[in-house]
2 protein chains.
Amino acid sequence: MPLSEFEIIARCFAPIAAPGAFGLLDDAASLSPPPGRDLVLTKDMLVAGMHFFPGDPPAAIARKALRVNLSDLAAKGAEPIGFMLGIALARETDQGWIDAFAAGLAADAASYGLALFGGDTVSTSGPVTVSITAFGSVPAGGMVRRLGASAGDRLFVTGRIGDAALGLRLRLEPEGELARLLAPEHREALLEAYLLPQPRTALAAAVQRHASAAMDVSDGFVGDLTKMLSGAGLGARVRLDRVPHSPAAQAAMAIDRDLESVALCGGDDYELLVATPPGRANDFVAACDAAGVPASPIGDAAEDVAVRFVDAEGRTRDFTRGSFSHF
Amino acid sequence: MPLSEFEIIARCFAPIAAPGAFGLLDDAASLSPPPGRDLVLTKDMLVAGMHFFPGDPPAAIARKALRVNLSDLAAKGAEPIGFMLGIALARETDQGWIDAFAAGLAADAASYGLALFGGDTVSTSGPVTVSITAFGSVPAGGMVRRLGASAGDRLFVTGRIGDAALGLRLRLEPEGELARLLAPEHREALLEAYLLPQPRTALAAAVQRHASAAMDVSDGFVGDLTKMLSGAGLGARVRLDRVPHSPAAQAAMAIDRDLESVALCGGDDYELLVATPPGRANDFVAACDAAGVPASPIGDAAEDVAVRFVDAEGRTRDFTRGSFSHF
């Protein structure tokens, strides 16, 4: 049996409350962005059985719920400030689960410098549902838009693409060929990438300073890049051979070539797609290098063309299912 | 079959998007409070079967989800600005339901002057779940606290107490004595009060200007007032005969005296509990009158005493179950 709502708040969530949240003993919190800065707001909702596995470690669920929001903030060039947490607990949720969830939340709040501004704890007859609203800040007027690219802009993707989607495949087919043939360290790396995204918070300043447009890769590289370009009336010849993959993802694709489209179209990468004006490209790459995250050039935005994905031989690849939809 | 997530957003939610939400075509929105003001943030989560009936009209569900958040803002003295919407749609949710939900949301957004700043639309194997984060603003440093009262402060409750809890009773016992004996117009009034709260947005300025402490009555008059006072180390002799009830609630309590504790301890009133310094009491009452909402004096906050509820004959009433918990 879990504690009451008020006991849960006092025990689990009050320790990470923001100063403006009054120990979570109020119905609201107050907040102002730092002088000269705008707030940036984002909200992602995660449902057990849909966005994570009900049996995942509660600490990992909490951290993933927070990190997918941090990923959105990073893509907008925003430095994180804090968040609000809505959680619907399932009938079978016990206090041990809640304590572990809160511990994961507190660990990430500490490592990303986030404060909790309040929220709501309710119960549901359905699956555990976590709804986080996260806040960050940018210089006034400086939120980087998804649809801000112009023709001629350079296109980049950060980090590596495909690990999380391949990790999900391993979760869905634990006895499958991939699980059987992949080396244990690669299997672990892919599973971990799915369980615990690494939001590119360290790149927020570089994005804010240099990007003309950006978004995070949550629904798949192919679909998200298509959205970012075609929504702005642009296209590109995207070089798939320049899209970086981890050794684990490369090993997986060597086992089964068809997994390349899983890697490219699957979701949950939480890497950043970034467009920069040509004159800013070098500075952006240097800033990413300085932050320890590679930024790979994958093409240039252009007018009057479609978004095309071409392989090393110059052949256009068609992804019939361009984007993973959580919905 | 509902439309896709992106089609739903474009069709249903984009029309009420805030300017800073970029037509909901981005992953985040930007927002700054007006100069000299703080943002006030609140978040309430509603689950079908827990906070509303699955068969309630979708427009009413949307409006209730928004209004319970507006009620929190009003209690903090905050003028509303906008909100973010997270919604988990159930397997059986069809497009007609979503359209009606969005129409209710748009109607209330228009009448309360709110803009939509974004959110997330997902699906769930469980009940429909709505998570709203609402934003308002107060003069810098001016958010009215729940625990801000001092000894000697006058205590008020706005509007009328008990209608929604009695309306819920009618929903739960549609063939019960109350439903059978109550006049149709009273029955309708109570049912409507449960279905569609009236947040006291019109009183936000009066609260901000005059209150030392305030909270909204969501979990029951008795329990919430006890929280507001005892959390501040205060008590009071609360005059139950001064707690206002509507003609419909009076008629219900005349049918069954036991319903008085339902009215006083039930939830969902969304009236305001307000403490004012003695010198501000008259101004507060006048401001409420000017806004067309009665503010009833129910006692004075005091030190070194418990929160006691006394009836017209001066007898202390004991409410064994002081507060309705949604949880």
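The notes below deal with the structure included here. (Residues numbered from 1 in each chain as written. Chains lettered and ligands numbered in written order. Predicted model: local features only at pLDDT ≥ 70, side-chain atom pairs only at ≥ 80, totals over all residues. Heavy atoms only, no water.)

## Comments concerning the pattern of salt bridges
Under the counting rule described, the total for this entry stands at 34 salt bridges over all chains. Between R67 of chain A and D108 of chain A there is a salt bridge, with the nearest N and O atoms lying 2.6 Å from each other. Remark: D108 of chain A occurs in helix α3 (residues 95-112) and R67 of chain A occurs in helix α2 (residues 58-75); sequence separation between them is 41 residues. With respect to burial, R67 of chain A and D108 of chain A carry one shared label: buried. The salt bridge involving D241 of chain B is made with R239 of chain B; its shortest N-O contact spans 2.9 Å. Given a relative accessible area of 39%, D241 of chain B falls into the partly exposed group. Looking at R239 of chain B, the relative accessible area reads 26%, which means it is partly exposed. One salt-bridge network, in which partners are shared between bridges, spans D26 of chain A together with K76 and R145 of chain B. (Salt bridge = Lys/Arg side-chain N within 4 Å of Asp/Glu carboxyl O. Helix = DSSP H or I, 4+ residues; strand = E, 2+ residues; numbered from the N terminus. Buried < 20%, exposed > 50% of the residue type's maximum accessible area, 1.4 Å probe, protein only.)

## Overview of the environment of I61 of chain B
Residues and elements named next belong to chain B. Note that I61 resides in helix α2 (residues 58-75). For the pair I61 and A48, spaced 13 residues apart in the sequence, the C-alpha separation amounts to 9.0 Å. Those residues within four positions of I61 in sequence are excluded, and the remaining contacts are F52, F53, D56, W97 and F101. (Contact = heavy atoms within 4.5 Å.)

## Let's talk about the interface of chain B and chain A
You'll often see interface size given as the accessible area lost when the parts meet. The interface of chain B with chain A comprises 62 residues on the first partner and 62 residues on the second. Linking chain B with chain A are 25 residue pairs in polar contact (both at pLDDT 80 or more). When residues in the side of chain B that touches chain A are grouped by element, the largest group, 10 residues, is from strand β2 (residues 37-47) of chain B. Considering only residue class, the side of chain B that touches chain A consists of 30 nonpolar, 17 polar and 15 charged. Inspection of the sheet shows strand β1 (residues 29-31) of chain A paired to β2 of chain B by three bridges, in the antiparallel sense. Bridge assignment links S30 of chain A to a residue of β2 of chain B, and that residue is V40 of chain B. (Polar contact = N/O pair within 3.5 Å; in protein donor to acceptor, adjacent residues only side chain to side chain. Nonpolar A, V, L, I, M, F, W, Y, C, P; charged D, E, K, R; others polar. Pairing = 2+ DSSP bridges.)

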